[in-house]
Amino acid sequence: MVSFMLRRLGQAFVVVVLVTIIAFALLHALPGGAARATLGKEATQEQIDQFNHENGFDQPVHVQYVHYVGRILHGDFGYSYKLNQSVSDAISQRLPKTMILSLMSTILAIVLAIPLGVWQAVRRNRGPDYVITIAALLAYSTPIFFMGLLLIILFSQVLPILPPEAPQGYEVWEMFADPTALVLPVVTLSIVTIASYSRYVRSSMVDNLNEQYVRTARAKGLSEFRVVFVHTLRNALFPVITLLGLYIPALFSGALVIETLFNFNGMGLLFWQSAQNRDYPVLLGVTLILAVATVIGAVLADFLYAVADPRIRLAARA
């Protein structure tokens, strides 16, 4: 088990390094550059050259990358030209808000998707199963920004019961000053997740309900509740465990759209504003955080899968 996790952590480290190299190279290959975006169109060539020299942008890209990695190892993610603050401070202010938003939408999705998928599997190939399947496919195929706009129009314009904007402010506690302002962002971010998870749970439950061990359990006279929720659901949740870890990047990409749509001051809005301003240090910092979150999610999924299924541990020892 220990060697299994060490191998996964080693692979995760390699992935993070590759992501930083690719992101660094791509951002520095963009036309225009940070100097022009920071100093404006009226800046002279001398001012641009001075800016590039002061920030090390006149050095070769690989030299800049080595210096950047060296600063990261000392906890220095750089300084934002536009925000006039360190990247670490900018991220530390916004990351908890995005994590809370993603966590709330994930909990809502799990709480609704698992019972929904189980119920569909037990009553498969009947009218309600078809209706929910069509609704899930519609939700999954609808762009998240369009879904958000529909909910804003419905619940803020047609039925004015919820505010169209997420909670404002820079402090985490301010998110909960008006809980009703969190409803639309959380629900919008969770709808696609609910549709996806419920489909996985349904398919996995249907497969497991046709297994021999389920027929044996029924033949022994166990109640249908015990057969479904004790013997079948545990095995059916293995694919969902993996999906949960791999869904972290999708949550963050969805949060980018949601935060922009609802004017929520989190990591997604920070990334969008930094991309518009060509604020390279912030873009690199956010990309690195997302890469680390992604590999942590994948490693966590592998760990939970190995704990839940002993065959994974046996395979790791082979």
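Everything below is about the structure shown above.
Residues numbered from 1 in each chain as written. Predicted model: local features only at pLDDT ≥ 70, side-chain atom pairs only at ≥ 80, totals over all residues. Heavy atoms only, no water.

Asks: How do you make sense of the overall build of the protein when you look at a structure like this?
Replies: Along the backbone of the protein there are 15 helices and two strands. On the principal axes, the C-alpha backbone points of the protein span a range of 85 × 60 × 35 Å. Sequence separation of 24 or more characterises 72% of the internal contacts of the protein that already satisfy a separation of 6 or more. When the accessible surface of the protein is summed, it comes to about 17,000 Å², and 68% of that surface belongs to carbon and sulfur atoms. A distance of 19 Å separates the average location of the 22 positive side-chain charges in the protein from that of its 19 negative side-chain charges. (Helix = DSSP H or I, 4+ residues; strand = E, 2+ residues; numbered from the N terminus. Contact = heavy atoms within 4.5 Å. Areas by Shrake-Rupley, 256 points an atom, 1.4 Å probe, with all protein chains shown as cover. Lys, Arg positive; Asp, Glu negative; His and termini not counted. Charge placed at Lys NZ, Arg CZ, Asp CG, Glu CD.)

Asks: Teacher, can you tell me more about the packing of aromatic side chains here?
Replies: A ring pair, where both rings are aromatic, is described by two values, the distance of the centres and the angle of the planes. Overall, the coordinates contain three aromatic pairs when judged by the stated rule. Geometrically, the ring pair formed by F24 and Y65 is edge-to-face, given 5.5 Å between the ring centres and 75 degrees between the ring planes. Here the residue F24 occupies a position in helix α1 (residues 2–29), and Y65 occupies one in helix α4 (residues 61–73), the gap between them amounting to 41 residues. Per residue, the accessibility class of F24 equals that of Y65, and both read buried. Relative to F229, the ring of F225 has its centre 4.8 Å away and its plane inclined at 35 degrees; by these criteria the two rings are tilted. With a gap of four residues between them, F225 and F229 both fall in helix α10 (residues 224–236), about one helical turn apart. The exposure class assigned to F225 is exposed, which follows from its relative accessible area of 59%. Through a chain of ring-to-ring contacts, three or more aromatic side chains come together here, namely F24, Y65 and Y68. Of note, K97 hangs over the ring of F264, and the distance from its end group to the ring centre comes to 5.2 Å. (Phe/Tyr/Trp six-rings, centres within 6.5 Å; stacked < 30°, edge-to-face > 60°. Buried < 20%, exposed > 50% of the residue type's maximum accessible area, 1.4 Å probe, protein only. Lys NZ or Arg CZ within 6 Å of the ring centre and 35° of its normal.)

Asks: Explanation requested: a nonpolar patch on the surface in the structure shown.
Replies: Nonpolar side chains collect at one region of the surface, where F13, V14, L18, I21, I22 and L26 lie side by side and expose about 600 Å² of accessible area between them. Its place among the elements puts L18 in helix α1. Looking at L18, the relative accessible area reads 46%, which means it is partly exposed. (Patch = residues over 30% accessible without salt bridge, like charges linked within 9 Å, V, L, I, M, F, W, Y side chains within 5 Å. Salt bridge = Lys/Arg side-chain N within 4 Å of Asp/Glu carboxyl O.)

Asks: Any chance you could explain the nonpolar core here in plain terms?
Replies: Within soluble globular proteins, side chains that are nonpolar tend to cluster in buried spots. Within the largest apolar cluster, 31 residues are counted, with the highest numbers of intra-cluster contacts made by I91, M267, L270 and L284. Going through the elements one at a time, α1, α2 (33–39), α3 (45–54), α4, α5 (87–122), α13 (267–277) and α14 (280–308) are the ones with two or more residues in this core. For this core, the leading source of residues is α14, giving nine residues. Aside from chain neighbours lying at most four places away, what touches L284 is A23, F24, L27 and Y68. (Core = buried A, V, L, I, M, F, W, Y, C linked by side-chain atoms within 4.5 Å.)

Asks: Looking at this structure, I do not really get α3. What am I missing?
Replies: Each α-helix turn comprises 3.6 residues. Residues three or four places apart therefore point the same way. Every buried residue belonging to α3 is among I48, F51 and N52, and all of these are buried. Seen end-on, α3 carries its buried residues on one side only, within an arc spanning 95 degrees. The exposed set on the far side of α3, more than 90 degrees from its buried face, consists of E46, H53 and E54. Just beyond α3, the residue with positive phi is G56, at close to 80 degrees. (Arc of directions from axis to C-beta.)

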